[in-house]
Amino acid sequence: MTYEQNLTQMGLTNNEALVYDALLTLGKAGVKELLRQVPVKRANLYAVLYALKNKGLVVEIEEKGKKKFKPESPNKLAEMVEHEEHKLKQASAALDATLPLLVSQYNLASGKPS
């Protein structure tokens, strides 16, 4: 398993994993440089970069009037996974609290005895 596959298991899309990997290799890069490194079209690349920015994995900087993107530390991935874990635990607790009511409502609507 390549580490791009591991990145997708952590919650990144395939394109996000490719772009993040390229940025880790390049250090910081503009869109033109990234387009040479990854098989992603320009319009999609911007979407991927801003998605990575929203996840806290990339920062946008301006150098000589041009936008460049710089990767954040891979330790941010651990924070991202912990955040997702926390959200899943909250969802599981909400399900545990709501499921009996939903099953009861389903049984009443479908005419099945409970």
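Conventions used here
Residues numbered from 1 in each chain as written. Predicted model: local features only at pLDDT ≥ 70, side-chain atom pairs only at ≥ 80, totals over all residues. Heavy atoms only, no water. Helix = DSSP H or I, 4+ residues; strand = E, 2+ residues; numbered from the N terminus. Rg over C-alpha atoms; globule rule 2.2 N^0.38 Å. Contact = heavy atoms within 4.5 Å. Areas by Shrake-Rupley, 256 points an atom, 1.4 Å probe, with all protein chains shown as cover. Patch = residues over 30% accessible without salt bridge, like charges linked within 9 Å, V, L, I, M, F, W, Y side chains within 5 Å. Salt bridge = Lys/Arg side-chain N within 4 Å of Asp/Glu carboxyl O. Lys, Arg positive; Asp, Glu negative; His and termini not counted. Charge placed at Lys NZ, Arg CZ, Asp CG, Glu CD. Buried < 20%, exposed > 50% of the residue type's maximum accessible area, 1.4 Å probe, protein only. Expected span 1.5 Å × (residues − 1). Bend = angle between axes of the 7 residues up to and from the residue. Pairing = 2+ DSSP bridges. Phe/Tyr/Trp six-rings, centres within 6.5 Å; stacked < 30°, edge-to-face > 60°.

**What about the overall build of the protein chain?**
Of the regular secondary structure elements, the protein chain holds five helices and two strands. Seen in sequence order, the protein chain has helices and strands lined up from the N terminus as α-α-α-α-β-β-α. Here the C-alpha radius of gyration of the protein chain, 21 Å, is well above what a compact globule of 114 residues would show, namely 13 Å. Seen along its three principal axes, the alpha-carbon backbone of the protein chain occupies a region of about 70 × 35 × 25 Å. In the protein chain, of all internal contacts separated by at least 6 residues, the share reaching a separation of at least 24 is 44%. Summed over all atoms, the accessible surface of the protein chain reaches about 7900 Å², with 55% contributed by carbon and sulfur.

**Brief notes about a positive patch on the surface**
On the surface, K32, R36, R42 and K66 cluster together into a patch of positive charge. Turning to its location among the elements, K66 is positioned in strand β2 (residues 66-71). A relative accessible area of 56% means that K66 is categorised as exposed.

**Observations regarding the environment of R42**
Along the chain, R42 turns up in helix α4 (residues 42-54). Not counting residues within four places of it along the chain, the set of residues in contact with R42 comprises V31, K32 and L35.

**A closer look at helix α5 (residues 75-110)**
With 36 residues, α5 should cover 52 Å at 1.5 Å per step; its first-to-last C-alpha distance of 50 Å lies within 8% of that length. Taken as a whole, α5 carries its principal kink of about 40 degrees at T98; the proline P100 stands between one and four residues after it. Lining the buried residues of α5 we find α1 (3-9) and α2 (14-26). Just downstream of α5, G111 is the residue with a positive phi angle, here 80 degrees.

**Concerning the pairing of strand β1 (residues 58-63)**
Inspection of the sheet shows β1 paired to β2 by six bridges, in the antiparallel sense. Bridge pairing links I61 to K68 in β2. The antiparallel hairpin formed by β1 and β2 contains two residues in its connecting segment, where K64 sits at a positive phi of about 55 degrees.

**Some details on a nonpolar patch on the surface**
On the surface, a cluster of nonpolar side chains totalling about 330 Å² of accessible area is made up of L95, L99, L102 and V103. As for its placement among the helices and strands, L102 is situated in helix α5. In this structure L102 comes out as partly exposed when scored by relative accessible area, which is 44%.

**Let's talk about the packing of aromatic side chains**
All chains considered together, the criterion is met by one aromatic pair. With centroids separated by 5.9 Å and ring planes inclined at 80 degrees, the aromatic side chains of Y50 and F69 adopt a geometry described as edge-to-face. With Y50 in helix α4 and F69 in strand β2, the pair connects residues that are 19 residues apart, well separated along the chain. With a relative accessible area of 0%, F69 lands in the buried category.

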